[in-house]
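Report on the structure
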Amino acid sequence: MAPPDRSDTPRDTGVLEDAGIRADSNMRHNAERLASWLEFLLHPEEHEYDRTVIYGTEFGGEGHKKEEPGPVAPSVSDQPGTVPHDAQLPFESVLDGYRISQFIHGMSAVGSPVVERPDNALAPGVAALSNIWWMGDKRVPSLVDRFQELGWKGDASSVTFDFLLRLQTVTGQVHKVAEQLHDVIPKYAVVIKGVRHNLDEAAEGCVRAFEKKFAEKPESEMSVDWTAAILAGIAAAAVTYLTAGTALILEAAITTTWSTAFSDAAGDLLTPTDGTVSGYWWRDLAHSYLREQADILAAGKDEIDQLNRKVDGLIKYFNADEDIQRFLKDYGPPS
Amino acid sequence: MSTSEGFSVRLDELGSYEDEIGKLVTEYDTIIGELDLAVLDDAGKASLVGDPEKLISTGGAVEFAKSCRTLIGNYATLMTTLQQLHEAIRGQFTHAQQAIGESRALYAKVDDDHALMFEGLLGDRPAGEGS
C-alpha cells in the first residue's frame, strides 16, 4: 500500500539515483517504496495526515510535541473569537531531522558492485585459481611421476628430473594459495548478496511497518518481522568449492564456472533468520529500521574483514615461501 | 633402447614425454590467459565495490565499502603476483620441453652416427643375411 495520494515511487527519484541504486537493481523496488513513504512522512505540509503537533506555543512557551494522525485546531476556549476556522496548531514531520538518504545509504554501499552476474570481474580468477590448483594437485605430479617410467637414465636424466622436481615444488606450494584464495572469491560475492538481501528485506519490512502503523493506528508497540540471511560465519565456513577435476577449465567456461561456484556458495552459506522492525511512534519504527541497517552493515563488514585477513595471510605466506621466492628471483620478471 | 655404461634412453618414450610437456605448456597458456583477465585494473576494482561518490560521508556504509576496497585491493595484488609467477613457470616448462627435445635429437644423432659407422664396415650387404 502506497502512502495516501502517492504511488510506490517517490516524487523525487533523484535521491535513489544519488545513492547509486540503479533502475535494474534488485533493491530498487523496495527502495522506491520506502522513499515514497519517507517523502510522505517528511512532508506533512503536503497532506492532512500524520504529523507531530506542537502544543502550547500559543501562550508563548516552547510547547510540547505529540504525534497526531492529522492537523489539530487550536482550542477555541483558549482564544475566543480569534481563531480562524481553518487554523491549526504548528506541526512538523513525525520524522523531523531525518533524511531519506540515511535510510538507503546501506543500499548505496552494495548497489553498484557487480558480483552476481556471471561476467563479473572476479569470474576469471575463479577459473584461473581452479586450474592452478589442478596443476599443482594433479597435473604436474602426474607428469613428474611419468618421468620415472621413461626408462631414461644418466646424468642428463638426473638433471632434468631435478629441474622438474623444482617445478613440482613451486606448483605444489602455489596450489595451496590457490585453494584458499579460490574460496574467498565466491564468499565475497555471497556476503555482498547477503547484505543486499537483508537491506532489501529490511526496507520491505519497514514499509510494512509504516503501512500497518498508518492503517491500523495500533495503541501499543507493534512489530513486523522480515526474512533475513545470517551473515555471521560466511567467511569462516569450512567449505571448499574445488573438487578433484579431471580437465582444465577453458576460457569459454569461465562464466559457467562462476555461476556454479557462486550458486553453490550462496546455497550453502545463506541461511534464513528473522529480522524485526518494531516500535510505537513513527520515530521508533524509523530508529528500529536504521538500527537493523547498521547491524546488517556491521555484520557484513565483519565478514569482509575476515576474508581480507585470509587474503593478507596468503600474501604473507606467498612472500615468505622460500621455494616460490627463489623461483621468482631466478626466473620471474626483473624486480 | 640405446644403452651404455653411463646412460639409457628410449627415444620414442622421450619423444612422447616431450609432447606431453608441450601439452602442459599449452595448458599454462590457458591459465595465463585467464590470469590476464583476472588481474584487476582500476575499472575492474571499481566494478566490485561501492561507489565512494554515492555514499554519504559517515556511517556503516562507508566503513563497509572501505573494507570491500581493502579486500579487493589485496586480492588484485595477489592475482598480479600469481600472474607473474605463472609466466615464469610456463617459461621453465617451455625450457624443459626444448631441452628434452634437443637431448632426444642428440641421442638420435649418436645412434644414427653409430649405425652409419657400422654400415660402412659391413659394406652394402643388407643387415641380418649373415656371411
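Owing to the predicted nature of the structure, the values given are computational and were not obtained by experimental measurement. (Residues numbered from 1 in each chain as written. Chains lettered and ligands numbered in written order. Predicted model: local features only at pLDDT ≥ 70, side-chain atom pairs only at ≥ 80, totals over all residues. Heavy atoms only, no water.)

**Structural notes on the overall build of chain A**
Short version of the rule: Going along the chain from the N terminus, every DSSP run of H or I of four or more residues is numbered as a helix, and every run of E of two or more is numbered as a strand. Here the radius of gyration uses the C-alpha set of atoms, whereas the globule reference equals 2.2 Å times the residue count to the power 0.38. Only heavy atoms matter for contacts: two residues are in contact if any of them lie within 4.5 Å across the pair. To measure how exposed things are, a 1.4 Å probe is used in the Shrake-Rupley method; for residues, cover is taken only from the protein chains shown. We count Lys and Arg on the positive side and Asp and Glu on the negative side, and we leave His and both chain ends out. Note that the charge is assigned to NZ on lysines, CZ on arginines, CG on aspartates and CD on glutamates.
Summing up its helical and strand segments, chain A has eight helices and five strands in all. Traced from its N-terminal end to its C-terminal end, chain A shows the element sequence α-α-β-β-β-α-α-α-β-α-β-α-α. For 335 residues, the compact-globule estimate of 2.2 N^0.38 gives 20 Å, and chain A exceeds it by more than 25% at 30 Å. Each principal axis of the C-alpha distribution contributes one length, and for chain A these read about 120 × 35 × 35 Å. Counted over contacts in chain A with a minimum sequence separation of 6, partners at least 24 positions apart contribute 78%. On chain A, roughly 14,900 Å² of surface is accessible, and the fraction owed to carbon and sulfur atoms is 50%. Computed over 31 positive and 52 negative side-chain charges, the separation of the two mean positions in chain A equals 7 Å.

**A closer look at the pattern of salt bridges**
Residues and elements named next belong to chain A. How we decide: Within this document, salt bridges are pairs made up of a side-chain nitrogen of Lys or Arg and a carboxyl oxygen of Asp or Glu, the two lying within 4 Å of each other. The buried label goes to any residue with under 20% of its type's maximum accessible area, the exposed label to any with over 50%, and the partly exposed label to all in between, with areas taken from a 1.4 Å probe on protein chains only.
For the coordinates displayed, the defined rule picks out 27 salt bridges over all chains. When the shortest N-O distance is used, the salt bridge between Lys65 and Glu92 registers 3.0 Å. Linking Lys65 in strand S2 (residues 64–68) with Glu92 in strand S3 (residues 91–92), this pair joins segments that are 27 residues apart in sequence. Since its relative accessible area comes to 53%, Lys65 is described here as exposed. What makes Glu92 buried here is its relative accessible area of 19%.

**Some points on the sheet that holds S3(A)**
Residues and elements named next belong to chain A. As a reminder, the rule being used: For two strands to pair, DSSP has to find at least two bridges joining them.
Within the open sheet, the three strands sit side by side as S2-S1-S3. Their pairing is antiparallel. Edge positions in the sheet fall to S2 and S3, since each of these pairs with one other strand and no more. As paired elements, strand S1 (residues 51–55) and S2 share five bridges and run antiparallel to each other. In the sheet register, Thr52 faces S2, and the bridge partner there is Glu67.

**Details of the nonpolar core**
Which entries qualify depends on this criterion: Working definition of a nonpolar core: buried Ala, Val, Leu, Ile, Met, Phe, Trp, Tyr and Cys residues. They are joined through side-chain atoms within 4.5 Å.
Judged by nonpolar contacts, the single largest core of 132 residues is most densely connected at Leu181(A), Tyr188(A) and Phe93(B). Setting aside anything within four residues of it in sequence, one finds Leu181(A) in contact with Leu129(A), Val311(A), Leu314(A), Tyr75(B), Leu78(B), Met79(B) and Leu82(B).

**Examining the packing of aromatic side chains**
The description of an aromatic ring pair uses the distance of the two centres, along with the angle that the planes make with each other. All names here are of chain A. Where we set the bar: Between 30 and 60 degrees the pair is tilted, below 30 it is stacked and above 60 it is edge-to-face, where a pair is any two Phe, Tyr or Trp rings, Trp via its six-membered ring, whose centres lie within 6.5 Å.
Enumeration over the complete set of coordinates arrives at 19 aromatic pairs over all chains. Ring plane angle 5° and centroid distance 5.8 Å describe the contact between Phe103 and Tyr289, whose orientation is recorded as stacked. One end of the pair, Phe103, is in helix H3 (residues 100–111); the other, Tyr289, is in helix H7 (residues 282–320), with 186 residues separating them in the sequence. Accessibility classification places Phe103 together with Tyr289 in one group, the buried group. Each residue in the set Trp37, Phe40, Tyr49, Phe210, Phe214 and Trp282 is aromatic and connected to the rest through ring pairs, giving one cluster.

**What about the confidence of the model for chain B?**
Residue and element names in this part refer to chain B. In plain terms, the rule: Values of pLDDT, the confidence the predictor places in each residue, fall between 0 and 100.
For chain B, the average pLDDT comes to 89, and 89% of its residues sit at 70 or higher. Least confident of the elements in chain B is strand S1 (residues 2–3), whose mean pLDDT is 48; most confident is helix H1 (residues 11–38), at 97. With a pTM of 0.91, the predicted complex shows an ipTM of 0.92.

**Topic: the interface of chain A and chain B**
Formally: As used in this structure description, the phrase polar contact means that two N or O atoms lie within 3.5 Å; if the pair is within protein, one of them must be able to donate a hydrogen and the other to accept it, and residues adjacent in sequence are counted only when both atoms belong to side chains.
On the chain B side, the residues contacting the 76 residues of chain A number 61 residues. For the pair chain A and chain B, the number of links is four salt bridges. With a closest N to O distance of 3.8 Å, Glu20(B) and Arg146(A) form a salt bridge. At the junction of chain A and chain B, the tally comes to 15 residue pairs in polar contact (both at pLDDT 80 or more).

**Overview of the packing of H3(A) against helix H5 (residues 155–216) of chain A**
All names here are of chain A. We apply this condition: In this analysis an axis means a line fitted to C-alpha atoms, helices contributing only their contacting stretch, and an angle means the value between N-to-C directions, from 0 to 180 degrees. Orientation categories follow fixed angle ranges, with anything under 35 degrees roughly parallel, anything over 145 roughly antiparallel, 65 to 115 roughly perpendicular, and all other angles oblique. By convention the crossing between two helices is left-handed if the near helix lies anticlockwise of the far one by an angle smaller than a right angle, and right-handed if it lies clockwise. Residue type decides the class: Asp, Glu, Lys and Arg count as charged, Ala, Val, Leu, Ile, Met, Phe, Trp, Tyr, Cys and Pro as nonpolar, and the leftover types, Gly among them, as polar.
One way to put it is that H3 packs onto H5 with a least axis distance of 10 Å and a crossing angle of 155°. As judged from the angle between their axes, H3 and H5 are roughly antiparallel. Taken as a pair, H3 and H5 cross one another with a handedness that is left-handed. Judged by residue contacts, Gly106, Met107, Val110 and Gly111 of H3 engage Ile192, Val195, Arg196, Leu199, Asp200 and Ala203 from H5. Considering only residue class, the contact of H3 with H5 consists of six nonpolar, two polar and two charged.

**Considering the environment of Ala232(A)**
Residues and elements named next belong to chain A. For Ala232, the location among the structural elements is in the loop between strand S4 (222–229) and helix H6 (254–269). Given a relative accessible area of 58%, Ala232 falls into the exposed group. Expressed as a C-alpha distance, the spacing of Ala232 and Gly300, which sit 68 residues apart in the sequence, is 7.8 Å.

**Some thoughts on the side chain of Arg51(A)**
Residue and element names in this part refer to chain A. Relative to the elements of secondary structure, Arg51 occurs in strand S1. Glu48 provides the closest opposite charge to the buried, unpaired Arg51, separated from it by 5.0 Å. In terms of polar contacts, Arg51 uses its side chain to reach the backbone carbonyl oxygen of His47, at 2.5 Å. At 2.7 Å, the side chain of Arg51 and the backbone oxygen of Tyr49 are in polar contact. Look past the residues within four positions of Arg51 in its chain and what remains in contact with it is Pro44, Lys66, Glu67, Glu68, Gly70, Pro71, Gln88, Phe91, Glu92 and Val94.

**Things to note about a nonpolar patch on the surface**
Defined as follows: A patch consists of residues whose relative accessible area exceeds 30% and which take part in no salt bridge; residues with like charges are grouped when within 9 Å of each other, and nonpolar side chains (Val, Leu, Ile, Met, Phe, Trp, Tyr) when within 5 Å.
Together, Met117(B), Phe118(B), Leu121(B) and Leu122(B) make up a nonpolar patch on the protein surface, roughly 470 Å² of accessible area in all. Mapped onto the fold, Phe118(B) is located in helix H3 (residues 60–122).

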